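Observations on the model geometry
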Amino acid sequence: MADGWLRSGALTGLREIKFSYSSVDSLPPSALRFAATLRVANFGNCRFPDEVAPSLKFPHLRELSLFEVTISEEALHSLLSGCYVLDILLLERIAGFARLRISSPTLRSIGFSGPWEGEGSEATKFQELVVEDAPRLERLLPLHPDQGPATIRVMRAPKLETVGLLSAHISRQWDCFQPSSSF
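Cut-off values and rules
Here, residues in each chain are numbered from 1, in the same order as that chain's written sequence. Owing to the predicted nature of the model, reporting of local features is limited to residues with pLDDT of at least 70; listing and counting of side-chain atom pairs is limited to 80 or more, with chain, interface and lining totals taken over all residues. Side-chain metrics rest on all non-hydrogen atoms present in the structure, leaving aside hydrogens and water. Here the aromatic set is Phe, Tyr and Trp, taking the six-membered ring for Trp, and pairing holds for ring centres within 6.5 Å; pairs whose planes are under 30 degrees apart are stacked, those over 60 apart are edge-to-face, and all others are tilted. Partly exposed describes any residue whose relative accessible area lies between the buried limit of under 20% and the exposed limit of over 50%, with all areas from a 1.4 Å probe on protein chains only and scaled to the type maximum. The pLDDT score gives, residue by residue, the confidence of the prediction method on a 0 to 100 scale. Numbered from the N terminus, helices here are DSSP runs of H or I no shorter than four residues, and strands are runs of E no shorter than two. Throughout, a residue-residue contact means that at least one pair of heavy atoms, one from each residue, lies within 4.5 Å. Pairing between strands is defined by DSSP: at least two bridges between them are needed. Counting rule applied: Lys, Arg positive; Asp, Glu negative; His and chain ends not counted. A pairing counts as a salt bridge when a side-chain nitrogen of Lys or Arg comes within 4 Å of a carboxyl oxygen of Asp or Glu. In protein, a polar contact requires one atom able to donate a hydrogen and another able to accept it; more generally it is a pair of N or O atoms within 3.5 Å, and residues adjacent in sequence count only if both atoms are side-chain atoms.

**Structural notes on the packing of aromatic side chains**
- Using the criterion set out here, one finds 4 aromatic pairs in the structure.
- Relative to phenylalanine 48, the ring of phenylalanine 43 has its centre 6.3 Å away and its plane inclined at 75 degrees; by these criteria the two rings are edge-to-face. The two residues phenylalanine 43 and phenylalanine 48 agree in class, both being buried.
- An aromatic cluster of at least three residues, connected via ring pairs, comprises Phe97, Phe112 and Phe126.

**Re the confidence of the model for the protein chain**
- Taken residue by residue, the protein chain gives an average pLDDT of 84. The fraction at 70 or more is 85%.
- Model confidence for the protein chain, summarised as mean pLDDT per element, is weakest for strand 11 (residues 171-174) at 54 and strongest for strand 4 (residues 88-92) at 96.
- Considering only residues more than four positions removed or in separate chains, one finds that residues 176-183, a stretch of pLDDT under 50, has 12 contacts.

**Brief notes about the sheet that holds strand 10 (residues 162-163)**
- Ordered by their spatial adjacency, 7 strands build an open sheet running 1-2-3-4-6-8-10, and the pairing between neighbours is parallel. Only two strands of the sheet have a single partner each, and these edge strands are strand 1 (16-26) and strand 10.

**A few points about the side chain of glutamate 92**
- Checked against the element boundaries, glutamate 92 lands in strand 4.
- Buried and unpaired, glutamate 92 has arginine 93 as its nearest opposite-charge partner, separated by 6.4 Å.
- Here histidine 144 takes part through its side chain, which lies 2.8 Å from a polar atom of the side chain of glutamate 92.

So, in structure tokens, the structure goes:
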């Protein structure tokens with residue numbers, strides 16, 4: 001039913017979408033047909049399809065939120081590489097990958113957490129966040145610090161001003177970044 005509704009011609013040119021199931025199901029490909037026009041996208045309680053991620057391009061997307069989404073590492077990296085002007089990335093209670101590498105010239109804020117305890121296997125739990133190159137990144141916010149990742153590495157983020165509350169079990173590595181005494 002949702003697939004038919006999303007294919008409606010009345011939705012052509014959609015700029016904002018909030019799509020969530022009441023229980024986890026695969027995201028229908030029709031929910032992604034708006035990629036060329038979206039400015040804000042929020043997807044929840046779904047499995048993101050691996051086969052469509054490599055072809056997706058979001059030239060105008062400024063905000064992306066994934067809540068309780070299962071997505072593979074390859075699909076997530078592919079998805080993010082197709083977001084050319086992304087300012088805000090929110091990844092809450094996500095699963096399906098162990099490591100996320102961020103390299104973005106536009107991102108200003110990242111909020112993140114892994115799945116709750118007992119959700120998914122260890123192989124699909126968010127274990128490491130690596131910020132390789134994010135020249136505009138200002139905020140790095142663990143949403144639920146005890147829900148992963150266990151390692152956060154920041155290699156290049158010269159404008160990083162705010163790092164949220166970190167759990168005692170998180171290993172922090174600031175390779176090419178000297179945090180101020182306020183952290």
